[in-house]
Amino acid sequence: MAEVKQLPKREEVPVELTWDLTKIYATDTDFEADFAKVKKEAESFKKYQGKLKENGDTLLEAIKEMFAIQRRLENVYVYASMKNDQDTANAENQAKNATVQKLVAEVSEKLSWFQPELLHLTIEELEEAKKQTPELNEYSQNLREWFEMKDHVLSDKEEALLAGASDIFSAPESTFEVLNDADLKFPVMKDENGDDVELSEGIYGTLLESTDRRVRKEAFQNLYKVYRQFRHTFAMTLSSHNRTENYVAKVRNYSTAQEAALANNHIPVSVYDTLINVTNKHLPLLHRYVALRKKLLNLDEVHMYDLYTPIAGEPTLKYTYDEAKEEALKALAVLGDDYLSHVKEAFDNRWIDVVANQGKRGGAYSGGSYDTAPYILLNWQDTLDNLFTLVHEMGHTIHSYYTRHNQPYQYGDYSIFVAEIASTTNENLLTQYLLDHFEDKKVKAYVLNHYLDGFKGTVFRQTQFAEFEKWSHEQDAAGKPLTADVISKYYGELNKRYYGPDIFNDDEISLEWARIPHFYYNYYVYQYATGFAAATTLAQNILNDNPADTQAYLTYLKSGSSEYPIDIMKKAGVDMTNEEYLEKAFDVFEKRLNELEKLIG
Ligand SMILES: [Zn+2]
């Protein structure tokens, strides 16, 4: 019988492999004191209500107070949620985390009057206030972003009506979630060891990676059999969701839901549309990749369920955590001594919670607040993939570090549009480092394929989703029906166009739209694709060894949210309103595809 490896209990993990949360709060009593303070401050914030118009000084005071409350709340939140993540089975942690969740909702409600009232000021009144109180200019980017919403905020009465209906508006998404996560029952099937497994969305991904074709095929067919059974309900939740977004965009004076969603980050619609156009131009590269898979897997027909099984064998490289740290430092050395010194700081000062223990949250993330270290949670295993995870999370962590040390609190965060660029650039640097330093063919093939698979899943696949999302919203806006048959017909054709002539067009895949939660996130997925492409291009710039390029990149890491995301990326060296950064990224994909073809072809 196989030996079952027990995870250590939390208290058995060596302390140097855990993160040090006492630097946030030395004791729980300190945490509770701050908790009480936030509650009190949020309560008394209403003293500014109705007074923002009075004069510049009052406005300034209110803004400062609001940020101070949020700042303290973040510390309380981060402490409670990270304690909970380190051992979710600990009842005390759970309770602490739950009370903080409640506090977050309470504070947000208590501060909610601020922005609508602020927007009652005219631009002239705001300028006058700035003249009276020049310190307001330290918040000019915040004020710019708030006032940009002016044309899209309605009267108090209308806002109250919309706010009161917000639960109703999110019903399609909630219905999708309960149906997808709770109600759907998938059949039991045999895994590659012949053991019974109950299929679920959770293990579907693992089964699709199986080297046993029977397993992948059965997982694929069994999964979609269930979705087919409920396709009309899924079409209803998706179309109602689109209709809601179109409606809200219309009443808020946007021309489309797409424009409304992108306005949140001040991203021009052209960024989205350029991504779709340029990706379509390069679909022949994805077709070539599919053909290579078919050849390497020695298949007569390549099906959608053949796209995730490894084609370059198992990785032969293994790293202990200590070896991985050394390797990460070498791969990131191109970013310069200052960058490296902070990576070392992360390693040496217990910013990282390294190994798994009983009850610890799975996966990996980088977190923390403005006042804390930018912590990392890992569940370390000695694999090459985990080395990639380490440099990825380190990318977020150093981005946070630089931002928090170069920007005031009000600009000390960054938007999701730029966040994944810092982490993925690091992954790209590691890819190039490994390609340059290993002659072994198997290693090279594995690394090349790791990159190509990442590009396929992030640039091609997420752009396919983005294209679908745009189509489905436009379809509804034009008053055309979005029935299961209409959606599936479009999706099947879209999939065929993306994967090309070599793919066997399995009927099942035309139902994929039904199971993607991101279609309820309101024009979110395109950022995965733009981010990955921008990171590929930036990494190439950095590797070209022109110090100005590296400097420009570091400037982005230090910018936080002091400017619009698109302007920050321009300064970093990628103009995302333009095609060029995408063209460069597809060039890299092509070059690495050529290399892999040559290596194993
Ligand atoms: Zn990330």
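Per an unreviewed UniProt entry, the chain is named Oligopeptidase F, and its organism is Ligilactobacillus ruminis. UniProt's Function (unreviewed entry) comment on the chain is quoted here verbatim: "Has oligopeptidase activity and degrades a variety of small bioactive peptides."

With that settled, consider the coordination of the zinc ion. The zinc ion binds to the protein through His392 (NE2), His396 (NE2), Glu420 (OE) and Glu420 (OE), with metal-donor distances spanning 2.1 to 2.5 Å. Viewed at the metal, the four donor atoms of the zinc ion are separated by angles of 52 to 142 degrees, and the geometry they form is irregular. The sequence pattern describing where the donors of the zinc ion fall on their chain is H-x3-H-x23-E. A residue pair is termed long-range when its members are at least 10 positions apart, and His392 in helix H18 (residues 384–406) and Glu420 in helix H19 (residues 416–437) qualify at 28 residues.

The next subject is the domain arrangement of the chain. Domain boundaries assigned for the chain yield domain 1 (10–164) and domain 2 (173–313 + 457–520). Between domain 1 and domain 2, the C-alpha centre-to-centre distance is 37 Å. With eight residues of domain 1 at the interface, the matching set in domain 2 holds seven residues. Where domain 1 packs against domain 2, one counts one salt bridge. With a shortest N-O distance of 2.7 Å, Arg252 and Glu159 are connected by a salt bridge. Our count for the domain 1 to domain 2 interface comes out at four residue pairs in polar contact (both at pLDDT 80 or more). Classifying every residue of the side of domain 1 that touches domain 2 gives four nonpolar, one polar and three charged.

The tally for this structure, following the rule as stated, stands at 38 salt bridges. Across the pair Lys130 and Glu127 runs a salt bridge, and its minimum N-O distance is 3.8 Å. A residue pair is termed a helical-turn pair when its members lie 3 or 4 positions apart in one helix, as Lys130 and Glu127 do in helix H5 (residues 123–132) at three residues. The exposure class assigned to Lys130 is buried, which follows from its relative accessible area of 16%.

Conventions we followed
- Residues numbered from 1 in each chain as written.
- Predicted model: local features only at pLDDT ≥ 70, side-chain atom pairs only at ≥ 80, totals over all residues.
- Heavy atoms only, no water.
- UniProt positions renumbered as here; feature names shortened; annotations may be inferred.
- Donors = N, O, S within 2.8 Å, 3.2 Å for Na, K, Ca; no water.
- Tetrahedral: all angles 85-135°; square planar, octahedral: opposite > 155°, others 65-115°.
- Helix = DSSP H or I, 4+ residues; strand = E, 2+ residues; numbered from the N terminus.
- Domains from an automatic or database assignment.
- Contact = heavy atoms within 4.5 Å.
- Salt bridge = Lys/Arg side-chain N within 4 Å of Asp/Glu carboxyl O.
- Polar contact = N/O pair within 3.5 Å; in protein donor to acceptor, adjacent residues only side chain to side chain.
- Nonpolar A, V, L, I, M, F, W, Y, C, P; charged D, E, K, R; others polar.
- Buried < 20%, exposed > 50% of the residue type's maximum accessible area, 1.4 Å probe, protein only.

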